[in-house]
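Report on the structure
Below, each chain spelled out in residue letters.
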Amino acid sequence: MRTPPEGAHALVVGATGIAGSALVEQLVAAGWQTTGLSRRPVDVAGAGHVAADLTSRGSLQEALGDLRPTHVFITAWARQDTEAENIRVNGGMVRDLLAVLGPQGTLSHVTLVTGLKHYLGPFEAYGVGELPDTPFLEDAERRPVENFYYAQEDELSAAATEHGFTWSVHRAHTVIGHAVGNAMNLASTLGAYAAVVRATGRPFVFPGSVSAWSSLVDLTDAALLADHQLWAATTPGAADTAFNIVDGDQVRWRRLWPALAAHLGVEPQGPGDEPATLEVQMADAAPVWERLVAEHGLVEPDLSRVASWWHTDGDLGREGDMLADMTRSRLAGYTGYVSTERALLAVLDRYRAEHVLP
C-alpha cells in the first residue's frame, strides 16, 4: 500500500473505467481521501463521487469548484471519429480539467495514463511506417503523425509549469482489469467470446494473426498500473517523468491461449492463414448472449458493454513482438511485478463470480 501524505485528497478522473476503478480501490484501501469523477456513480465503499462532463469546462467548474484535491489521476479518454477530433477532445479534457483545478493552489501531483500507441501511432495510423525498436523506450522520438497522447502530455506539462505541480505519465500496454462498459476490455471480451462459442459448440479460435500468435507481447494488470501511479505520486524521484508500465513478464498467445481455453471450458484452436476476427465471428452473438443472460442470471444484458470485438481484434492482430522496457522505473526504485497469466485468469474469475460472465 502507498500511504497518503498528510492532508492528501485524491481525485480519480474516469473512476469507473478499468484503470480508474482499480485505482479507487487501492486508494481507499490505503487510507486516502478519495473522490471519483465519472458519469456513473463509483461503486467502491469509502469513495466520494462527483459527476461532470469532461468535455465541458463549465461542467467541470460546477462539479469541482469546491473540491480541493492534492493529487489528480487522469485515466479517462473519449474515442472520436478522427485523430484530429481525438486531439481536440482529449487534449481539451486535460487542459480544461487542470485549468479548473490548477488555480486552486492545492495540486501537488498529477498522473496521466496513456499507452503504447505513443510508439505505435494512433488508430488512423496504427503501426504504419517506421516504428521504434522493441522493447519500446520512453525517450523514443515521437512519431511524425497526429496523436492525442502527445497533445495530452503537452497540456499536462504546460499546466504543471503554470501551476507548480509535479506530473508523471504512465504508458500502459493492453490493460487487464475489472470494469463493465469499457471500450477496451480484452479480458471480458475474451470471456464473452468463450461463453458464446461454448454455448454454440464451436472452437475457441484465436482471432488474430499468425504473427501475433507466435510473437512475444506484454500486458498491464490494472492493479499494477494503479500501484505504479501511486508510487510515482508519492516518490520525489519519479516527478516530471514518463514511464512505461507493464507486468514485467512476457507471453506468447500460442502458450497462453490453451491455458485460457482450459480455464474457460472451451476447445482452443490456433489461427488460420487469415485472421478470424471477432467482429466477423461474433456478428450474430447477440441472441446467444440474450439466452445466456436468461439461463445464468447475468447482470449485464447488453453484450456491447461486456465485449469490444473491434479493440480485441486490434490487440490480437498485430505483427511482431510488442514489448515495453521497464528499466526507467526499475532504476527509479519501482519493483512491482505481476504474472500476466494469473492476472488474466483471476479477473475472469471475478467477472464470473459477479455474474458478468457465465
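Residues numbered from 1 in each chain as written. Predicted model: local features only at pLDDT ≥ 70, side-chain atom pairs only at ≥ 80, totals over all residues. Heavy atoms only, no water.

An unreviewed UniProt entry lists the chain under the name Nucleoside-diphosphate-sugar epimerase, from Sanguibacter keddieii.

Here we come to helix α5 (residues 148-163). Between its first and last C-alpha atoms α5 spans 22 Å; for 16 residues at 1.5 Å apiece the expected length is 22 Å, and the two agree. Turning to α5, its buried residues are F148, Y149, Y150, A151, Q152, E153, L156, A159 and A160. Structurally, α5 contributes buried residues whose contacts are with α3 (83-101), β5 (109-115), α4 (117-120) and β6 (166-172). Measuring from the backbone nitrogen of Y149 back to the side-chain oxygen at the start of α5 gives 2.9 Å, which picks out N147 as the cap. Once α5 finishes, G164 follows within two positions and takes phi at roughly 80°, a positive value. (Helix = DSSP H or I, 4+ residues; strand = E, 2+ residues; numbered from the N terminus. Expected span 1.5 Å × (residues − 1). Buried < 20%, exposed > 50% of the residue type's maximum accessible area, 1.4 Å probe, protein only. Contact = heavy atoms within 4.5 Å. Polar contact = N/O pair within 3.5 Å; in protein donor to acceptor, adjacent residues only side chain to side chain.)

Moving on: the side chain of N244. Turning to its location among the elements, N244 is positioned in strand β11 (residues 241-245). Of the residues examined, N244 reaches a relative accessible area of 0% and is grouped as buried. Polar side-chain contacts of N244 include one of 2.9 Å to the backbone oxygen of F136. What N244 contacts, discounting residues up to four positions off in sequence, is L116, Y119, F136, L137, E138, R171, H228, A324, D325, M326 and S329.

Here we come to the pairing of β11. Across the five residues of β11, five count as buried, placing the element largely inside the fold. Every second residue of β11 is oriented toward a common face, with T241, F243 and I245 on one face and A242 and N244 on the other, all of them buried. Of the strand pairs in this sheet, β6 and β11 are connected by five bridges, and their pairing is parallel. In the strand pairing of β11, S168 is matched with T241. (Pairing = 2+ DSSP bridges.)

We now examine the sheet that holds strand β4 (residues 71-74). Read from one edge to the other, the open sheet built from seven strands follows the order β3-β2-β1-β4-β5-β6-β11, with strand pairing classed as parallel. Pairing within the sheet leaves two strands with one partner each, and these edge strands are β3 (48-50) and β11. Each strand of the sheet is rotated relative to its neighbour by a mean of 20°, with strand direction disregarded. Note: β4 against β5, four bridges, orientation parallel. Residue I74 lies in a different strand from β5, and its bridge partner there is L112. (Axes fitted to C-alpha atoms, helices over the stretch in contact; angles between N-to-C directions.)

Here we come to the environment of E85. Checked against the element boundaries, E85 lands in helix α3. C-alpha of E85 to C-alpha of F148: the two residues are 63 residues apart in sequence and 8.7 Å apart in space.

The next point concerns helix α1 (residues 18-29). For α1, with 12 residues, the first-to-last C-alpha span of 17 Å sits near the 16 Å given by 1.5 Å per residue. Of all the residues in α1, the buried ones are I18, A19, G20, S21, A22, L23, V24 and L27. Contact partners of the buried residues in α1: β1 (9-13), β2 (33-37), β4, β7 (175-176) and α8 (222-233). Directly beyond the C-terminal end of α1, a positive phi value near 95° is found at G31.

Estimates place the volume of the second largest pocket at around 300 Å³. Looking at the lining of the second largest pocket, its residues break down into six nonpolar, three polar and six charged. Counting residues domain by domain, the lining of the second largest pocket receives three or more from each of domain 1 (9-172) and domain 2 (186-217 + 251-319 + 339-354). (1 Å grid on protein atoms, 1.4 Å probe; cavity = no way out; pocket = protein on both sides within 12 Å on 5 of 7 lines; lining within 4 Å. Points joined across faces, edges and corners; volume = space filled by probe spheres on them. Nonpolar A, V, L, I, M, F, W, Y, C, P; charged D, E, K, R; others polar. Domains from an automatic or database assignment.)

A few words on the packing of aromatic side chains. For the coordinates displayed, the defined rule picks out 12 aromatic pairs. Aromatic pair Y193 and F204: ring centres 5.0 Å apart, planes at 35°, arrangement tilted. With Y193 in helix α6 (residues 186-200) and F204 in strand β8 (residues 204-205), this pair connects stretches of sequence that are 11 residues apart. Residue Y193 shares its accessibility class with F204, and that shared class is buried. Ring centres of W253 and W257 lie 6.1 Å apart, and the angle between their planes is 75°; this geometry places the pair in the edge-to-face category. Of the two residues, W253 and W257 are both situated in helix α9 (residues 253-264); the distance of four residues between them amounts to about one turn of the helix. The exposure classification of W253 matches that of W257, with both residues buried. Taken together, the ring pairs connect Y193, F204, F206, W213, W253 and W257 into an aromatic cluster. For R79, the ring lying beneath its charged end belongs to W310, and the centroid distance is 4.2 Å. (Phe/Tyr/Trp six-rings, centres within 6.5 Å; stacked < 30°, edge-to-face > 60°. Lys NZ or Arg CZ within 6 Å of the ring centre and 35° of its normal.)

Along its sequence, the chain is carved into domain 1 (9-172) and domain 2 (186-217 + 251-319 + 339-354). Taking only C-alpha atoms into account, the centre of domain 1 sits 28 Å from that of domain 2. On the side of domain 2, five residues touch domain 1, which itself brings six residues to the contact. Together, the buried faces of domain 1 and domain 2 total about 430 Å²; carbon and sulfur atoms form 46% of this surface. Considering only the surface of domain 1 that becomes buried against domain 2, E25, R79 and Y126 emerge as the three largest contributors, covering 57% of it. At the boundary of domain 1 and domain 2, one finds one salt bridge. Note that R350 is salt-bridged to E25, the shortest N-O span being 3.1 Å. Our count for the domain 1 to domain 2 interface comes out at one residue pair in polar contact (both at pLDDT 80 or more). For the side of domain 1 that touches domain 2, a count of residues per class yields three nonpolar, no polar and three charged. (Buried area = accessible area lost by both parts, 1.4 Å probe. Salt bridge = Lys/Arg side-chain N within 4 Å of Asp/Glu carboxyl O.)

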